[in-house]
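# Examination of the molecular architecture
This is what each chain is made of:
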Amino acid sequence: MNPRKQEILQFVEKHADGLTAKQIADSLQIDRSNVSRYLNELAKNKSIQKSTGRPVVYYPLTTNLTEVESIKMDFERLVGADASLKVSIQQAKAAMLYPPSGLHTIIFGQTGTGKTMFAECMYQFAVQAKALAQDAPFISFNCADYAQNPQLLFGHIFGVKKGAYTGADANTKGLLAEADGGILFLDEIHRLPPEGQEMLFSFIDKGQYRPLGESSRAYEASVQIIGATTESSDAFLGTFNRRIPMSITLPDLAQRSLDERYEIITLFIKQEASRLNQAIKVEKDAIVAFMLYDAPANIGQIKRDVKIVCAKSFLHYRTHEQDELIIRKKDCPLQVQKGMLKIKERAERLDHFLEGKGDYLIFEAQDKEVSSAQDSDSNMEVYQEIEDKLASLNQLGVDNTDLEKVVAKDVEAYFANYVKELTQTSTQRGMIASNIWNLTNQLYDIAEKKLERSYNEKARFAFALHLQLTLDRIHKGEAIVHPDLNRVRKNLKSEFQLALDLSTTIEEELQVEIPFDEIGFISMFLSIQLGQYEQLPQNNVGVIVLMHGNSTASSILSAAQELLGTTSGVAMDMPLDTVVNQMYQKLLNDVIDNKSQFSNGLLLLTDMGSLNSFATLLYEETGIRTKAVSMTSTMIVIEALRMSEAGRSLEDIYQNIQSSFETIVREQFQDEHGDKDNKKAIVVTCFTGEGVAAKLYERIAAIVDQAKVEIIQMQFIEKETFKKHIDGLLEEYEIKAIAGTVEVEYQNIPFFSAYDVFDDQKLKVLKSIVKDEIAADTIVNSLDGTITHVGSLAVLVETLKSLVQQVQTQLHIILEPSVEAGLVIHLAFLIEALRTAGIQRQFPDLAVFQKKYRLETDILKTSFISIEKNYDIQIPDDEIAYLTEAFIKNQIDTPFKLYTQI
């Protein structure tokens, strides 16, 4: 333990009556802000205890606190208990009293509707009704915290047997064991994978479970399951739904009366008054604004916005030494102030609440029940943070007139973390504390000399962000565990040895103790070079086209080479009278004779699956890594040659081609049998899956509609394993982008580095990529009555939408949804014109353009073959050129290279 922290702990332990941070700072002659930080760390580690309210008082563990923490929440204290929540409460009571041990329950409701608090009320009711013992446990767990790591998720719930997986060094009890005799509350239970749902309802059926890795013994527990979800019942297995007999739906804010909303707002203000132990005076217009503004996150958002405005008003009150703490409308967040725009619509109803109360309403500090019974965030330290900061600045002699501006920045930063709001800095460096930036540059300068490589600003930014978040975790006492430390030590020997030395520098500079597992993560950061590709190998992956027929392979390869302007690749034709063994021997001899050219692997492109067996035989006889792809087309040969010449690895080329082929088949299947409506997703990743990934999540969450685009956090330890996880996600999601600390070029999914995500312009690109496409019905309605010679207009629009998306894939570009819609409309008018009066315009310098963009124009021509056939038209070369130009010039300017000009 840090010596200062140890000193503070010992001092608190000698004072059973409790001490404030100021008293400790004055007695020990330590900066007050540092004292507060150490006290909070000790309280979080349960080395001491602290009171709620202001000022915060810290006590030794031996002191018996009879504080407001003993006040428990129950149904009667819920706003709306006799109105909007009446039926829900009746259901909940019935579930808890149902013999012999209650009904398993699932609570449905939007974010911020109070599902967690409602579950706690169910528990308290059961205890009061003696359906549960007084000391029955209530265990709460959020499934979303480990949703992308099912092994850890299952381990937390069911327990782990020693040796179940790498890193499982001891038997670990699960939440079911801890909740025995009580309730296990699983928040965001919809994030439990199907396998986990199966395991859970097996426990529900039998009352028995097996820890992860346990095969010989089943354990028993008596646990009532309460789940909470923002999803509908469709998100669960049917068998799971049948085993949760009681479902309760909590109303969102829009479904609750204005009376209840007023009661909710005033309750939150009273809680803040109690925490400050003084009255809060609120301008009437501020109350009106809170009652009328749109709060998408429901009650949770109102609570957050009340806290923000109270903190800012408290800062103004302290720095200007005012007699009263006043909240005015202008102090409220902008989205709250916009509520005043609705005042005309609800004027009559508002009079009922505010008539005769003057311009201000006064909320006095309440008794301890009001102050904490409905406030799960009663220990929020923002007011203490303000006091500590003011005390520190006063010692430095900062003038009072400047104090509010200075401290306001810290208050905003505090709430940015508390609410997970976006940081408002204009550059990436604004995200990182200056001492962390300086230390990062110092460390990477050393690394450049020791490892003889260079690191650009993207790589340094990624590490700085990681280091800052790691320090937060260390200060909070959170464990840092590397899941594959031995592999890192073995494969990154130089980086690991240097990381050991650099960790010592970090410890000395920042006065922290770096865990050994963190050294593994530092090693991995030293091994990557974001935005800088390693020098391409001397030999690229070899490509051999092998097909039945006298000239099939030669013909396809020749066309691909001509389009790309390359001589790469080898064609081997297999006449139909050739014996398979003879063909294999010919291939083997050719590979052996040119073995040095295939040192980075060989991709075999065939027309039939029977020739794919050659790949395994070649590897066994020559040791050359070989992959085979069957049912090869000209486009697949083009892709293979293009990626080979770009220096892509064998596995990467193989996976991309497999993906492209599967996409084509899937699209054809969907055309015939209907689209599969996969939800869009963005994957955010870092080495830990938590720190940097969480920050990227926050930044991206602010620009996307999470009801339509899910942001998935994943850990990145090893590239091939990560790709397998991506493959698994692609079964369920349409992955629009990957963002993270390690550059991943996979299946043409756009990649954004951490540096890119904190660049406002690059973030706009990401927003464009995930933006909703314009619905086909909207386009059809806009063209109705104008396009009259194409049969079914709806069929034409759907066909053209599919074609535009297909061309983007083949050209490796991305268009904004509005541009896609514009191209569909343009094509519809083009087809209409060609079927009626015709079109005669000429493209300037057509021959020059066709030569420069030969591959692109060919892709466009090929894509329109079915259109020309179905609508009996011939699209002129000039129009093909205009369309090619439209695709190229309107592509999004991405931070990655998707389109390669030939």
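Look up: the structure comes first, before these words.
All figures in this text were calculated on a predicted structure; none of them were measured in a lab. (Residues numbered from 1 in each chain as written. Predicted model: local features only at pLDDT ≥ 70, side-chain atom pairs only at ≥ 80, totals over all residues. Heavy atoms only, no water.)

### Looking at the overall build of the chain
The cut-off we apply is this: Secondary structure elements follow DSSP: runs of H or I of four or more residues count as helices, runs of E of two or more count as strands, with numbering from the N terminus. For this analysis, residues touch if any pair of their heavy atoms sits within 4.5 Å. Using a 1.4 Å probe, accessible areas were evaluated by the Shrake-Rupley method; residue-level cover was limited to the displayed protein chains.
Of the regular secondary structure elements, the chain holds 38 helices and 20 strands. Within the chain, residue pairs in contact and separated by at least 24 positions form 74% of the contacts whose partners lie at least 6 positions apart. Per element, the accessible surface of the chain, about 43,300 Å² overall, is 47% carbon and sulfur.

### Regarding the pattern of salt bridges
For clarity, the threshold we go by: Salt bridges are defined as contacts in which a side-chain nitrogen from Lys or Arg sits within 4 Å of a carboxyl oxygen from Asp or Glu. To sort residues, take the accessible area from a 1.4 Å probe on protein chains only and compare it with the maximum for the residue type: under 20% means buried, over 50% means exposed, and anything in between is partly exposed.
This model, assessed by the stated rule, comprises 21 salt bridges. The shortest N-O distance in the salt bridge between Glu 214 and Lys 161 comes to 3.7 Å. Placement of the pair is Glu 214 in the loop between β6 (208–209) and β7 (219–220) and Lys 161 in the loop between α6 (150–158) and α7 (175–178), with a sequence separation of 53 residues. Residue Glu 214 is classed as buried on the basis of its relative accessible area, which comes to 11%. Note on Lys 161: relative accessible area 32%, which makes it partly exposed.

### Let's talk about the sheet that holds strand β16 (residues 626–629)
Selection rule: The rule for pairing is simple: two strands pair if DSSP sees at least two bridges between them. Throughout, an axis means a line fitted to C-alpha atoms (over the contacting stretch in the case of helices), and angles, computed between N-to-C directions, take values from 0 to 180 degrees.
Taken in spatial order, the four strands of this open sheet run β14-β13-β15-β16, and their pairing is parallel. The strands lining the two open edges of the sheet, one partner per strand, are β14 (570–574) and β16. Adjacent strand axes in the sheet meet at a mean angle of 20° when their direction is disregarded. With four bridges connecting them, strand β15 (residues 602–606) and β16 associate as parallel partners. Within β16, the residue paired with Leu 603 across the bridge is Lys 627. Sheet strands in contact with helix α24 (residues 580–593) are β13 (542–548), β14 and β15, and its direction is about 165° off that of β14.

### With respect to the pairing of strand β19 (residues 733–740)
Of all the eight residues making up β19, seven are buried; the element is thus mostly covered by neighbouring parts of the structure. Pairing between strand β17 (residues 679–686) and β19: seven bridges, direction parallel. Counterpart to Ile 682 in the pairing with β19 is Ala 737. Here three bridges tie β19 to strand β20 (residues 751–753), and the two strands are oriented parallel to one another. The partner of Ile 738 across the bridge, within β20, is Phe 751.

### Quick look at the state of the cysteines
Formally, a disulfide is one covalent bond, and it connects the sulfur atom of one cysteine to the sulfur atom of another. The cut-off we apply is this: Disulfides are defined in this document as cysteine sulfur pairs within 2.5 Å.
Scanning the model with the defined rule gives zero disulfides in all. As a non-bridged cysteine, Cys 310 has Cys 332 as the owner of its nearest cysteine sulfur, 9.2 Å distant.

### Details of the pairing of strand β4 (residues 138–142)
Every second residue of β4 is oriented toward a common face, the buried set being Ile 139 and Phe 141 and the non-buried set Phe 138, Ser 140 and Asn 142. Looking at chain direction, β4 and strand β5 (residues 183–187) are connected through five bridges and run parallel. Along β5, the bridge assignment pairs Phe 138 with Ile 183.

### Thoughts on the nonpolar core
We apply this condition: Residues enter a nonpolar core if they are buried and are Ala, Val, Leu, Ile, Met, Phe, Trp, Tyr or Cys, with the set joined through side-chain atoms within 4.5 Å.
Of all hydrophobic cores here, the largest spans 58 residues; its most connected members are Leu 603, Leu 605, Phe 864 and Phe 887. Other than its neighbours up to four places away in sequence, Leu 603 contacts Val 541, Gly 542, Val 543, Ile 544, Lys 627, Val 629, Ala 640, Leu 650, Ile 653, Tyr 654 and Ile 657.

### Notes on the packing of aromatic side chains
Two measures describe an aromatic ring pair: the distance that separates the ring centres and the angle between the ring planes. Stated precisely, the cut-off is as follows: Within 6.5 Å between ring centres, the rings of Phe, Tyr and Trp (the latter by its six-membered ring) count as paired, and their orientation is classed by plane angle as stacked under 30 degrees, edge-to-face over 60, tilted in between. Only lysine NZ and arginine CZ atoms are considered, and such an atom sits over a ring when it is within 6 Å of the ring centre and within 35 degrees of the ring normal.
Evaluation of the coordinates by the stated rule reveals 20 aromatic pairs. Centroid distance Phe 314 to Tyr 317: 6.1 Å. Interplanar angle 40°. Geometry classified as tilted. On the criterion of helical spacing, the pair formed by Phe 314 and Tyr 317 is a turn pair, its members being three residues apart in helix α12 (residues 298–319). Considered together, Phe 314 and Tyr 317 belong to a single accessibility category, that of buried residues. For the pair Phe 716 and Phe 722, a centre-to-centre distance of 5.0 Å together with 45° between the ring planes defines the contact as tilted. Neither residue differs from the other here; Phe 716 and Phe 722 are each classed as buried. Counting every residue linked through ring pairs, the aromatic cluster contains Trp 437, Phe 461, Tyr 755 and Phe 758. The ring of Tyr 360 carries Lys 281 above its face, with NZ or CZ at 4.9 Å from the centroid.

### Section: the sheet that holds strand β9 (residues 246–249)
Strand order in the open sheet made by the five strands is β4-β5-β8-β3-β9, with parallel pairing throughout. Bordering the open sheet on either side are β4 and β9, each of which pairs with just one other strand. With direction set aside, neighbouring strand axes in the sheet form an average angle of 15°. Inspection of the sheet shows strand β3 (residues 105–108) paired to strand β8 (residues 224–229) by four bridges, in the parallel sense. If you follow Phe 108 over to β8, its bridge partner there is Thr 229. Each of β3, β5, β8 and β9 is contacted by helix α4 (residues 86–97), which is oriented at about 155° to β9, the strand it contacts most.

### A closer look at the environment of Phe 268
Residue placement: Phe 268 occurs in helix α10 (residues 258–276). Along the primary structure Phe 268 and Ile 302 are separated by 34 residues, whereas in three dimensions their C-alpha atoms are 8.5 Å apart. If near-sequence neighbours (up to four positions away) are discounted, Phe 268 is found in contact with Ile 299, Ile 302, Lys 303 and Val 306.

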